[in-house]
Amino acid sequence: MVLKKDKQILYFYMILVTIGITLIALAIMKYIVEVNEPRGYLIILIGFVLTFNYINYLEKKAGISKKIIWIRNSVYMVLVGSLTYFLYF
């Protein structure tokens, strides 16, 4: 029972991280659309990719299965892509 509770807490925080990263990605897209500065694109992209890779590393260390990580990443990409399209273009 304790183990199940620990997994529920991990999944809860995984959902919170996904929401936070989604909001950051939307803010990045708004910045890119409004400012339109080519030099900033690379810095933003590299920082975002490094942050996302670190979060994936932490999730693997926490014992979350690869299947769950792939599902979360897929949902994240669809969510960010569709919200970006509808909000900024």
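Remember, predicted model here, so these are calculated numbers, not experimental data.

Visitor: Describe the layout of surface pockets, and please don't skip the residues or the numbers.
Guide: Put simply, the largest pocket is a space of about 310 Å³. Those elements that provide at least two residues to the lining of the largest pocket are α1 (2-35), α2 (38-61) and α3 (66-88). Looking at the lining of the largest pocket, the element that brings in the most residues is α2, giving six residues. Of the residues in the lining of the largest pocket, the class split is 13 nonpolar, no polar and no charged.

Visitor: Describe the pattern of salt bridges, naming the residues involved and giving the relevant values.
Guide: The final tally for this structure, using the stated rule, is two salt bridges. We note a salt bridge from Glu 59 to Arg 72, for which the minimum N-O separation is 3.0 Å. Of this pair, Glu 59 sits in helix α2 while Arg 72 is found in helix α3, placing the two residues 13 residues apart along the sequence. Per residue, the accessibility class of Glu 59 equals that of Arg 72, and both read buried.

Visitor: Describe in detail the environment of Phe 89, supporting the description with residues and values.
Guide: Here Phe 89 is to be found in the segment after α3. Its relative accessible area of 63% is what places Phe 89 among the exposed residues. With 76 residues separating them along the chain, Phe 89 and Tyr 13 place their C-alpha atoms 31 Å apart. Apart from the residues within four sequence positions on either side, Phe 89 is in contact with Met 29, Val 33 and Thr 84.

Calculation rules
Residues numbered from 1 in each chain as written. Predicted model: local features only at pLDDT ≥ 70, side-chain atom pairs only at ≥ 80, totals over all residues. Heavy atoms only, no water. 1 Å grid on protein atoms, 1.4 Å probe; cavity = no way out; pocket = protein on both sides within 12 Å on 5 of 7 lines; lining within 4 Å. Points joined across faces, edges and corners; volume = space filled by probe spheres on them. Helix = DSSP H or I, 4+ residues; strand = E, 2+ residues; numbered from the N terminus. Nonpolar A, V, L, I, M, F, W, Y, C, P; charged D, E, K, R; others polar. Salt bridge = Lys/Arg side-chain N within 4 Å of Asp/Glu carboxyl O. Buried < 20%, exposed > 50% of the residue type's maximum accessible area, 1.4 Å probe, protein only. Contact = heavy atoms within 4.5 Å.

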